[in-house]
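# Structural features, examined
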Amino acid sequence: MSTAPRIDIDVAAFWHDPYPTLARLRRDAPIAFVPQLGSTLLCSREDIFVSEKQIDVFSSHQPQGLMNKLMGHNMMRKDGESHLNERKAIFPAISPKTVKAHWTARFQAHADRILDEFEPAGACDFVREFALPFSAECLKSITGLTNMRFEDMNAWSQGMIDGIANYVGDAATEARCHAATSGIDAAIDDMVPVLRNREDRSLLGVMLACGMPMDSVRANIKLAISGGQNEPRDAIAGAVWALLTHPAQLKLLTDGAVPWIQAFEEYARWISPIGMSPRRIAKPWTIRDVEFEPDERVFLMFGSANRDEKHFERAGEFDVRRDTGKSIAFGAGPHFCAGAWASRAMVADVGLPTVFARLRNLRLVDGEPVRIGGWAFRGLLNLPVAWNSAV
Ligand code: HEM
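This write-up is about the structure you can find in this document. What you see is a predicted model; the values in this text were computed from it and never measured.

As a structural note, the neighbourhood of the ligand is formed by 27 residues, with Glu52, His83, Ser277, His335 and Cys337 the closest of them. A distance of 2.7 Å separates an oxygen atom of the ligand from a polar atom in the side chain of His83. Those elements that provide at least two residues to the shell around the ligand are helix H5 (80–94), helix H11 (214–228), helix H12 (230–244), strand S5 (277–281) and helix H16 (340–358).

Dropping the structure here:
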């Protein structure tokens with residue numbers, strides 16, 4: 001265990017709102033051992049920005065980790081050359097060029113179709129009716145698993161996320177994770193003969209085309225599903241909520257004074273969909289007066305770094321005019337999010353402008369509270385809205 005000061009936290013309160021505790025940690029103990037999480041937390045942007053690049057110390061290779069055991073050995077749990085080889089292999093599917101030329105139009109078609117289905121209703125839970133199916137339909141396209149139902153994409157993503165955070169070893173949670181990975185394996189088995197003999201820009205298509213071993217193909221598809229469903233879902237629902245609760249800033253966007261990408265980047269900084277990423281200490285190491293032991297677990301707290309007062313003025317406030325250049329919502333090292341360009345297209349180029357154009361006078365429903373939660377993954381649980389329907 002590290003020699004970092006020991007700080008106790010109330011895990012339930014941390015789930016409801018992690019930011020007061022993270023601010024206290026940044027102020028009093030930016031590197032702290034938190035027994036309730038069984039890990040040493042790095043909470044300052046500086047320490048995370050430097051450490052995430054030191055892969056010989058802060059290793060992603062966690063052979064005993066739940067992700068490897070339950071989802072197979074994917075690129076996010078590899079370091080160095082073996083990691084970079086797999087990143088290179090998937091790049092043709094998620095590069096800025098492919099996203100612009102190939103995926104954006106498909107994302108737009110998904111958004112238009114989904115809005116056609118519920119727009120006449122005049123009111124809905126925006127998370128359930130738009131954010132969830134839109135994120136899932138886009139992810140079906142990107143992964144190549146167009147044979148899946150969007151409901152399965154969402155449920156299996158959640159099943160894996162719960163499974164890899166199941167440190168208490170709950171049997172039902174583990175069983176749900178196994179059901180999710182078996183469902184994905186079956187969907188892959190169906191699509192391989194379809195995609196193998198044709199040029200295809202999806203993740204499955206490009207990994208098959210470059211001859212990647214099937215174990216790695218399966219593991220990386222499961223990684224994309226576990227890391228590519230909730231995050232865009234939470235980012236688009238969260239950004240809509242942030243703009244509806246900051247009407248002056250929404251007007252800057254609908255007037256075209258500020259680009260939609262600013263709303264996405266600022267939301268992802270303010271409430272980072274991925275608030276934490278784990279690493280294993282690979283050799284004895286010291287940061288200032290804190291000594292780390294090999295094999296201990298460290299949490300890189302992206303959600304805290306993005307509210308670090310040393311780098312962001314009024315860090316706790318949502319402001320679309322802010323320079324978000326220092327945000328590390330997509331990571332700060334070799335594991336920088338492979339889906340970042342696809343997410344920006346999904347949320348900023350398609351989702352937000354289309355929703356605010358199609359749902360006229362979009363507003364929150366009075367009296368129905370909006371619920372939000374999580375610290376490792378943080379997002380809205382519901383978003384009750386109404387609008388002036390066109391019919
Ligand atoms: C708002 C949306 C998203 C956010 C905020 C987000 C955030 C992140 C972060 C913070 C990491 C780095 C984790 C680390 O350093 O350990 C990451 C990695 C990754 N993300 Fe995303 N992500 C998003 C959407 C997506 C989507 C849509 C996909 C799939 C197409 C995706 C695929 C991946 C993959 C494959 C990695 C691992 C990259 C590697 O290990 O080299 N992400 N993401």
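Turning next to the sheet that holds S5. Taken in spatial order, the five strands of this open sheet run S1-S2-S8-S5-S3, and their pairing is mixed. Looking at which strands have only one partner, the edges of the open sheet turn out to be strand S1 (31–34) and strand S3 (58–59).

The strands that make up a sheet pair up through hydrogen bonds in the backbone, lying either parallel or antiparallel. Ordered by their spatial adjacency, three strands build an open sheet running S4-S12-S9, and the pairing between neighbours is antiparallel. Edge positions in the sheet fall to strand S4 (123–125) and strand S9 (363–364), since each has one partner strand and no second. Where S9 lies against strand S12 (residues 384–386), two bridges are found, and the strand directions are antiparallel. Of the residues in S12, the one forming a bridge with Arg363 is Ala386.

Describing two packed helices takes the angle between their axes plus the distance from one axis to the other. The interhelical angle for the contact between helix H9 (residues 171–196) and H11, taken along N-to-C directions, is 115°, at an axis separation of 11 Å. Every pair of crossing elements has a handedness; the one defined by H9 and H11 is right-handed. For the pair formed by H9 and H11, the contact residues are Thr181, Ile184, Asp185, Ile188, Asp189, Val192 and Arg196 on the first element and Met214, Arg218, Ile221, Lys222 and Ile225 on the second. Along the lines of polarity and charge, the residues of the contact of H9 with H11 split into six nonpolar, one polar and five charged.

Nonpolar side chains tend toward joint burial in soluble globular proteins. Grouped together as the largest cluster of nonpolar side chains are 106 residues, with contacts concentrated most on Phe130, Phe134, Leu145 and Ile221. Filtering out sequence-adjacent residues up to four positions away, Phe130 remains in contact with Ala111, Ile114, Leu115, Phe118, Ile236 and Val355. Of all hydrophobic cores here, the second largest spans 17 residues; its members include Phe58, Ile287, Val290 and Ala305.

Reading guide: rules and limits
Residues numbered from 1 in each chain as written. Predicted model: local features only at pLDDT ≥ 70, side-chain atom pairs only at ≥ 80, totals over all residues. Heavy atoms only, no water. Near = heavy atom within 4 Å. Polar contact = N/O pair within 3.5 Å; in protein donor to acceptor, adjacent residues only side chain to side chain. Helix = DSSP H or I, 4+ residues; strand = E, 2+ residues; numbered from the N terminus. Pairing = 2+ DSSP bridges. Axes fitted to C-alpha atoms, helices over the stretch in contact; angles between N-to-C directions. Left-handed = near helix turned anticlockwise from the far one by under 90°. Contact = heavy atoms within 4.5 Å. Nonpolar A, V, L, I, M, F, W, Y, C, P; charged D, E, K, R; others polar. Core = buried A, V, L, I, M, F, W, Y, C linked by side-chain atoms within 4.5 Å. Buried < 20%, exposed > 50% of the residue type's maximum accessible area, 1.4 Å probe, protein only.

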